[in-house]
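The primary structure of each chain is shown beneath.
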Amino acid sequence: MLHGAESIFDLGEQYQIKPEMFVVPWWSHNNDTAATATTTTAAAAAATSTNTTWAPESPLSAMISNHHLEVSVVIQGRSLFNPFPLLQKEQNHYDCPMDTDAITNNNNETTSTSIHRTIHWWPRGFPGLCMGSLSHQYSKGKIAFLKNVSLASQSASSVPPLPFLDKSYRIGVIQLVPDGFQDMDNGSQEQTKSYFSPHKTNPLMVPSHSFAPYNMHSTFYTHDALWSLILPTTTLPQRYADIVRSYFAQCLFPDIGLRLVYMPSVVSSQNASRQPRNFKSNIRSDISDIEVVHKRIESLILYLSQWDSPFHSLPARMEHLWKDLYSRNYISKRDLELVQSWILYLNLIGYKFPKLIKRRFRNVAVLGHFNYAKSPSQVDDVVFWTQKYREWFETVVVSGPFEMHQIQELKRHSITAFRGDRNEEGGYFQVTENLKNVLLYFKNHSNIESVMYFHDDGMVNVTELSKGQYPFPTHEIIGNYRDQRYDLSYADIRKIQDVELANKFSYRIYPNGTVCAFNRLLCQPSVKDLYKALPLYPWGMTTKGYCGVSQQKLAGDEEIFPYHEDDGALLFSSFTQSDFLHIPTMYAEEFGKLASLFLKHNVIHECAWGTIVDMIRKKYNATVRLTMLCTSWGPKRRGKKALIERCLRDSVDYGVIHPFKIGFEENGYRGYDWAFDSVQR
């Protein structure tokens, strides 16, 4: 039994085999007949595929020579993606013959009748056909923008510079969809009168959190995806073996930065009507078989979307996955033995498995808060934003002043949205309420150990926040700050040696409303008076009703007395630019109790969170880590590309950048996508 690459790499030294003997930038195969090729002969290799005509002038030739492909980025929230509605030239459809409905006539007799429900093309092995379990409307997604994605191997020394070239991903598999394509599931195959005819459009890139079935027909594998070619026998009908293989591979693709692309009309299928299909049968018995298979595939997709492994190399993770699939009866023991031999021999001939570069964190939930929800594109914006963060995190939820119809629409996209009782636009109080609610929602979760909150226009550097660790270090509270020379956000104010600096940011409020400086040498009847007399740091919100005035009311509340200092005062830590906060779920109950008290007296989150964190730190001896925030209030940079560029030029590893707004016309989805990927350094 293999236990990862570490146990077999040493064997390579015993053989006179060089890696160059296994140069396979492309692997084209159709009906399990394979042809290997170098880059210069890739076109000829494609032409050897059965029933395939190669088009020399096609864009595939150009993309091979340029080592990149311009693709359409699709946004959608579900774990399954059906590319065919976006690829099809005409709105061809078929009716579900198995749908029935009970009808009562005038004589109170109940009969069943067929419902002819229009369904878009449904690829073979895509679960939910005529079952209503997966709506095609929400599994097809939308095309958002174009971007360049690399075709080069992970080990390539250089990639030509291109606008918006995504260096964090590479294409692993290209499924070509030719004119005359008819690899649909049985119900679709039998019911349609015409063959699938795709658009002359850009290739579609499948979202990294989604699965889409690719098959054995006109399919290309890049060098980095060669390991995924092994074909299982599976415990499903054998005609689904290639589809199941594609799902197995996509479970591991995100770890190594590989993407699946559907590309239309690069090849054409000859004599499509005479192509042999091994599943012509009685329609009703065939569809009954499909329903069983689809339920099994649905459970497989659910399992694969949640699967993880403690191993840190692709071969080890691949073997671990197949072991788990065998234990759940998705593959046979013979399959497990074959994949172990496959991994061994790939290593022996010098194949270099891609390294893990982007593992999704499964132990932390991301909470994205939207202050406003009135944009006509609001749902699409949320779906896109969620999709970007699902590249790094398994669990992403959102909150904001959403209307109920928006929450229901997001739910259809597999996105959980929270809205609190304080559902106001602008986020003055709902931010604290929603963070509290989400922490309490996950406090007893079996996998989630912390909640990471940030605004929708905030951007996090996952590499910096995780400190290169996997799984995510969830034992610490993490807050953002700019520079401790003038920002004491989340600092332990009691340990600040510069008392004059501490006096500018922190003060004490006694139950009778008296407000004193941190060192107690100056006291005033109100926060506003102390602000002027001391003076406090010149932040105008300190004297507003939702900050200083509300804090004085809170200090007199008996429920907060257990948190008073030894001198009987409530110590308020520095205000903070509360665009980010990471809280372990072990503190969910305490955070929830304190948040409720601050909300009871209408203390805005920027004047509340620093103190709440300080109270938790003091009570539980909690560890609080600070991460630097890059921000700007100037109109030339705030919310724009110029801010990202300035932050990237700095020699500081920022954990958070704020703000960068999707809604700014110069940004949009494409700009946000570029900014997000650029920040991960």
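Bear in mind the structure is a predicted one, so any value in this text is a computation, not a measurement.

(A) Looking closely at the overall build of the protein chain. The helix and strand inventory of the protein chain stands at 20 helices and 26 strands. A burial count over the protein chain gives 59% of its 681 residues as buried. Restricting to contacts in the protein chain with at least 6 residues of sequence separation, those with at least 24 account for 74%. For the protein chain, the exposed area adds up to about 27,800 Å²; of that, 50% sits on carbon and sulfur atoms.

(B) Focus on the sheet that holds strand 21 (residues 515-517). Strand order in the open sheet formed by 4 strands is 22-21-20-23, and the pairing between neighbours is antiparallel. Both edges of this open sheet fall to strand 22 (523-524) and strand 23 (570-572), since each of them pairs with a single strand only. Across 3 bridges, strand 20 (residues 507-509) lies against strand 21 in antiparallel orientation. In the sheet register, R508 faces strand 21, and the bridge partner there is C516.

(C) Quick look at the pattern of salt bridges. The final tally for this structure, using the stated rule, is 36 salt bridges. For K443, the salt bridge identified is with E589, shortest N-O distance 2.4 Å. On the criterion of sequence distance, the pair formed by K443 in the loop between helix 12 (430-442) and strand 17 (450-455) and E589 in helix 17 (residues 588-600) is long-range, its members being 146 residues apart. Through salt bridges that share partners, D255, D308, R317, R359, R360, R362 and E394 make up one connected network.

(D) Broad picture of the state of the cysteines. Within this structure, the stated rule accounts for 3 disulfides. C547 shares a disulfide with C607; S-S distance 2.0 Å. Residues C547 and C607 are joined through a disulfide that is left-handed, its torsion about the S-S bond being -105°. Of the two residues, C547 sits in helix 16 (residues 545-555) while C607 sits in the loop between helix 17 and helix 18 (609-620), which places them 60 residues apart along the sequence.

(E) Structural context of the environment of F580. Of note, F580 is situated in strand 24 (residues 580-584). With near-sequence residues (within four places) excluded, F580 lies in contact with M452, Y453, F454, V460, L465, I478, G479, N480, Y490, T627 and V656.

(F) The packing of aromatic side chains, seen in detail. With the rule as written, the count across this model stands at 28 aromatic pairs. Residues F211 and Y247 carry aromatic rings whose centres are separated by 6.3 Å and whose planes lie at 70° to one another, so their mutual orientation is edge-to-face. Taken together, the positions of F211 in the loop between strand 11 (204-205) and strand 12 (219-222) and Y247 in helix 6 (residues 241-256) put the pair 36 residues apart, joining distant regions of the chain. Neither F211 nor Y247 differs from the other in exposure class; each is buried. Through a chain of ring-to-ring contacts, three or more aromatic side chains come together here, namely F370, W385, Y389, F402, F454 and F676. If you follow R259 out to its NZ or CZ, it ends over the ring of Y169, 4.2 Å from the centre. In this structure, R359 is placed above the aromatic ring of Y470, and the distance from its NZ or CZ to the ring centre is 3.8 Å.

About the cut-offs
- Residues numbered from 1 in each chain as written.
- Predicted model: local features only at pLDDT ≥ 70, side-chain atom pairs only at ≥ 80, totals over all residues.
- Heavy atoms only, no water.
- Helix = DSSP H or I, 4+ residues; strand = E, 2+ residues; numbered from the N terminus.
- Buried < 20%, exposed > 50% of the residue type's maximum accessible area, 1.4 Å probe, protein only.
- Contact = heavy atoms within 4.5 Å.
- Areas by Shrake-Rupley, 256 points an atom, 1.4 Å probe, with all protein chains shown as cover.
- Pairing = 2+ DSSP bridges.
- Salt bridge = Lys/Arg side-chain N within 4 Å of Asp/Glu carboxyl O.
- Disulfide = S-S within 2.5 Å.
- Phe/Tyr/Trp six-rings, centres within 6.5 Å; stacked < 30°, edge-to-face > 60°.
- Lys NZ or Arg CZ within 6 Å of the ring centre and 35° of its normal.

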